[in-house]
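# Architecture and fold: a report
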Amino acid sequence: MAPKISFDLKATDGKARTGVINTPRGEIRTPAFMPVGTAATVKAMMPESVRATGADILLGNTYHLMLRPTAERIDRLGGLHKFMNWERPILTDSGGFQVMSLAGLRKLTEKGVTFKSHVDGSKHELTPERSMEIQKLLGSDIVMCFDECPALPADRDRIAESMRLSMRWAERSREAFGDRPGHALFGIMQGGLEQDLREESAEALTKIGFEGYAVGGLAVGEGQEAMFDCLDYAPGFLPEDKPRYLMGVGKPDDIVGAVARGIDMMDCVLPSRSGRTGQAFTRYGVVNIKNARHQDDPRPLDEKCSCPACSNYSRAYLHHVFRSNEMISGMLLTWHNLHYFQEIMSGMRDAIAAGTFDAWQKDFHDTRAQGDIERL
Ligand SMILES: [Zn+2]
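Conventions we followed
Once a new chain begins, its residue numbering starts again from 1 and follows that chain's sequence as written. Only residues with pLDDT of at least 70 are given local features in this predicted model, and only at 80 or more are side-chain atom pairs given and counted; all residues enter the totals for whole chains, interfaces and linings. Hydrogens and water molecules were not included; the side-chain quantities draw on all heavy atoms of the structure. In this description a helix means any DSSP run of H or I spanning at least four residues, a strand means any run of E spanning at least two, and both kinds are numbered starting from the N terminus. Note that the radius of gyration is over C-alpha atoms, with the globule rule given as 2.2 Å times the number of residues to the power 0.38. Think of it in three bands: with a 1.4 Å probe and only protein chains considered, a residue is buried below 20% of the maximum accessible area for its type, exposed above 50%, and partly exposed in between. Any two residues whose heavy atoms approach within 4.5 Å at even a single point are treated as in contact. We get accessible surface area from the Shrake-Rupley algorithm with a probe of 1.4 Å; when it comes to residues, only the shown protein chains can shield them. This count recognises Lys and Arg as positive and Asp and Glu as negative, with His and chain-terminal groups excluded. Charged groups are reduced to one reference atom each: NZ for lysine, CZ for arginine, CG for aspartic acid, CD for glutamic acid. The nonpolar core is taken to be a set of buried Ala, Val, Leu, Ile, Met, Phe, Trp, Tyr and Cys residues, with the residues joined through side-chain atoms within 4.5 Å. UniProt positions are given in the numbering used here, feature names are shortened, and annotations may be inferred rather than shown by experiment. Cavities and pockets were defined on a 1 Å grid built over protein atoms only: a cavity is a set of grid points that admits a 1.4 Å probe from which the probe cannot escape, a pocket is an open set flanked by protein on both sides within 12 Å along at least five of seven lines, and lining residues are those with an atom within 4 Å of any such point. Note: metal donors comprise N, O and S atoms at 2.8 Å or less from the metal (3.2 Å for Na, K and Ca); water molecules are not included, so apparent gaps in a site are possible. Metal sites are grouped by the angles between bound donors: all angles between 85 and 135 degrees with four donors is tetrahedral, opposite donors over 155 degrees apart with the others between 65 and 115 is square planar for four donors and octahedral for six, and any other pattern is irregular. Here is the rule: rings of Phe, Tyr and Trp (six-membered ring for Trp) pair when centre to centre is within 6.5 Å. Planes less than 30 degrees apart are stacked, more than 60 are edge-to-face, and the remainder are tilted.

Turning to the overall build of the protein chain, a few remarks are in order. Looking only at helices and strands, one finds 15 helices and 16 strands in the protein chain. The C-alpha radius of gyration computed for the protein chain amounts to 21 Å, which stays within 12% of the reference 21 Å derived for 376 residues, consistent with globular compactness. In terms of its C-alpha atoms, the protein chain occupies a principal-axis envelope of roughly 60 × 50 × 45 Å. Out of the 376 residues in the protein chain, the part that is buried amounts to 56%. Pairs at least 24 residues apart make up 66% of the contacts formed inside the protein chain by residues separated by at least 6 positions. Per element, the accessible surface of the protein chain, about 15,900 Å² overall, is 49% carbon and sulfur. Averaging the locations of the 46 positively and 51 negatively charged side chains of the protein chain gives two centres separated by 5 Å.

Judged by nonpolar contacts, the single largest core of 78 residues is most densely connected at Leu231, Leu246, Met266 and Met348. In contact with Met348, not counting residues within four places along its chain, are Ile255, Val256, Val259, Phe357 and Trp360. Core analysis: the second largest hydrophobic core is formed by 19 residues, Ile21, Met34, Leu59 and Ile188 among them.

UniProt marks Asp93, Ser94, Gly95, Gly96, Phe97, Asp147, Gln190 and Gly217 with the feature "binding site: substrate" (unreviewed entry), using the numbering shown here. Lining the largest pocket, from the residues just named, are Asp93, Ser94, Gly95, Gly96, Phe97, Asp147, Gln190 and Gly217. Looking at the element boundaries, Phe97 is found in helix α5 (residues 96-102). Not counting chain neighbours up to four residues away, the residues in contact with Phe97 comprise Cys149 and Val220.

Here we take up the coordination of the zinc ion. Around the zinc ion, the protein contributes the donor atoms Cys305 (SG), Cys307 (SG), Cys310 (SG) and His336 (ND1), which lie 2.1 to 2.3 Å from the metal centre. Classification of the site at the zinc ion as tetrahedral follows from its four donor atoms and the range of 100 to 113° in their angles at the metal. Going along the chain, you hit the donors of the zinc ion in the pattern C-x1-C-x2-C-x25-H. Accessibility assignment for this pair places Cys307 and Cys310 in one class, buried.

Take the packing of aromatic side chains next. In the structure shown here, the tally under the stated rule is 10 aromatic pairs. For the ring pair Phe210 and Tyr213, a centre distance of 6.0 Å and an interplane angle of 90° mean the geometry is edge-to-face. With respect to burial, Phe210 and Tyr213 carry one shared label: buried. Taken together, a centroid distance of 6.0 Å and an interplanar angle of 15° make the contact between Phe357 and Trp360 stacked. Taken together, the residues Phe357 and Trp360, both in helix α15 (residues 357-370) and three residues apart, mark about one turn of the helix. The two residues Phe357 and Trp360 agree in class, both being buried.

Below, the structure is given as structure tokens:
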């Protein structure tokens, strides 16, 4: 029998859930945080280092990879897993969101989107069918439906029209994806901050039927309060026995709040991007390593963290290499940030399984409220 992707929900605590997504390329423990490997690399990290932080799955970007080095070239070279030396599961986005945010001269029709590459100005087309083809060429384990995501705020008519187009595209994505045992297709719920549109979208997707469901169209400028308001109801419209993925989120407290509202998977560039700009996320909040207060500080970034940056280096060293534009700066801070994000995820998984998620959340927020350690 062909291997299948399945989801085992192991425990719930309030609305929070923990489980395992089984794939032919290994288990994905949920709640899961997916580091972003935009151009077939999590910037400044070796794949084995990403795995060492505790990541079970990576995200790859269809838009970037279709333009450079192209999906056809990656296919000829054996697929994305082999190309980037990551044997575990990969989720690819559909390209739709990044066409909207990065490409020039877009034209949106019922068929799809035509646009100009931000790399070299060349003209391309993305449709549900082409997005499915690209994600298949890449060899993605979890494929996302092609959708359209309006920036918020947008008026209700625009959001409704866009959501209904995305639902028609979801049906075409399902059709084009075909029967691919061992690979999953996730539908994407849209509807902005309108509860009835979210419900309509969830009903349309559930009727088509997917192996998992994403809450799309959030973390696009609406702010945490509005996002949490939406997450108070949106995940509840989706089937309980399938994974729920919140796209493009977020900061540590966004992640914790999303899991508390029933989300199982998330991705964000924040830990890696911030690592390269000298920003570290710690249990005591954000530390800007470029700040002069660290230049004589022999203490680690976080004395309780077991990552290489905290085990082997001082704040003074991290400050020095950042100020000197040394590559190891981005490497160490990215490693620390990814390690910290994965530590949050494993902490939540354990707490949900133990039925102590409320206490875990209180400790998470209390510790952050203390702020960074006193300066020397
Ligand atoms: Zn660390």
